[in-house]
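Next come the chains, spelled out residue by residue.
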Amino acid sequence: MNGQQNGISPGESPVILRPYAPEDCQALCTLLINTVHTVNAADYTPEQLYAWTSGVSAAALHRALSAHYSLVAVRQGEIVGFGDIDETGYLDHLYVHHAHQHRGIATALCDALERHVPDATLTTHASITARPFFEKRGYAVVRAQQVSRKGILLSNFVMCKARPR
């Protein structure tokens, strides 16, 4: 996918989706941390947000993104989101810059990631905040779960989207 244009809201410049590159990693770490601490703050406590992001490292994120099909969303030269999916259909990361929410970026990323694994049943572990987004895309909650990070419990949802055969 070389420079695919997606995620265009009226009056805005297009979003370009491109493959992840190692030099993106530090910017993606910053985007992830800032997004969690702003967008997810309505659904999680400050203690939970800290536990969620305290383990984020450029090295770990690079390993994950390098192992999967990973895309970066860019608008006017600024990284505004990223996501990745593995060959089994597990959508691992999907983050959009907190100042660029509700502009079609997550939809564009998700559309492209899902197209990459056309025959897979799609799964994700969605935050409380992300659950409605995935439900609108046809994902269903398989189960709620509690994940422990730094001894703090975080609620999220295992979600699945089966494709018609």
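Since we're looking at a predicted model, the values are computed, not measured. (Residues numbered from 1 in each chain as written. Predicted model: local features only at pLDDT ≥ 70, side-chain atom pairs only at ≥ 80, totals over all residues. Heavy atoms only, no water.)

Colleague: Just to check I follow, could you spell out the overall build of the chain for this structure?
Modeller: A count of helices and strands for the chain gives five helices and eight strands. Here the chain holds 165 residues, and 45% of them are scored as buried. Accessible surface for the chain amounts to roughly 8300 Å². Of this, 54% is attributable to carbon and sulfur atoms. Of note, the chain has its 14 positive side-chain charges centred 3 Å away from the centre of its 14 negative side-chain charges. (Helix = DSSP H or I, 4+ residues; strand = E, 2+ residues; numbered from the N terminus. Buried < 20%, exposed > 50% of the residue type's maximum accessible area, 1.4 Å probe, protein only. Areas by Shrake-Rupley, 256 points an atom, 1.4 Å probe, with all protein chains shown as cover. Lys, Arg positive; Asp, Glu negative; His and termini not counted. Charge placed at Lys NZ, Arg CZ, Asp CG, Glu CD.)

Colleague: Even after reading the chapter, I still don't get the pattern of salt bridges, so can you show me in this structure?
Modeller: It is possible for side chains bearing opposite charge to pair when their charged atoms get close. In the structure shown here, the tally under the stated rule is five salt bridges. Across the salt bridge formed by D24 and R18, the nearest N and O atoms sit 2.8 Å from each other. Judged by relative accessible area, D24 falls into the buried class, the value being 5%. Where salt bridges share partners, they join D111, E114, R137 and K161 into one cluster. (Salt bridge = Lys/Arg side-chain N within 4 Å of Asp/Glu carboxyl O.)

Colleague: Looking at this structure, I do not really get the nonpolar core. What am I missing?
Modeller: Across soluble globular proteins, nonpolar side chains have a tendency to be buried as a group. Counting 25 residues, the largest nonpolar core has L91 and F134 as its most contacted members. The contact partners of F134, leaving out residues within four places of it in the chain, are L91, L94, C110, T124, A126, Y139 and M159. Y20, L31, Y44 and L49 belong to the second-largest nonpolar core, a separate cluster that totals 18 residues. (Core = buried A, V, L, I, M, F, W, Y, C linked by side-chain atoms within 4.5 Å. Contact = heavy atoms within 4.5 Å.)

Colleague: How should I be thinking about the confidence of the model for the chain in this particular structure?
Modeller: If pLDDT is low for a region, its predicted coordinates should not be looked at in detail. On average, the chain scores 92 in pLDDT, and the residues at 70 or more come to 93%. The model gives residues 1–5 a pLDDT under 50, and that stretch makes 15 contacts with residues more than four places away or in other chains. (pLDDT = per-residue confidence, 0-100.)

Colleague: Just to check I follow, could you spell out the packing of aromatic side chains for this structure?
Modeller: Describing an aromatic ring pair means giving the distance of the ring centres and the angle of the ring planes. All chains considered together, the criterion is met by four aromatic pairs. Seen from their ring centres, Y44 and W52 are 5.2 Å apart, and the 75° between their planes marks the pair as edge-to-face. Exposure remark for Y44: the relative accessible area of 5% places this residue in the buried category. By the ring-pair criterion, three or more aromatic residues cluster together here, those being F133, F134 and Y139. (Phe/Tyr/Trp six-rings, centres within 6.5 Å; stacked < 30°, edge-to-face > 60°.)

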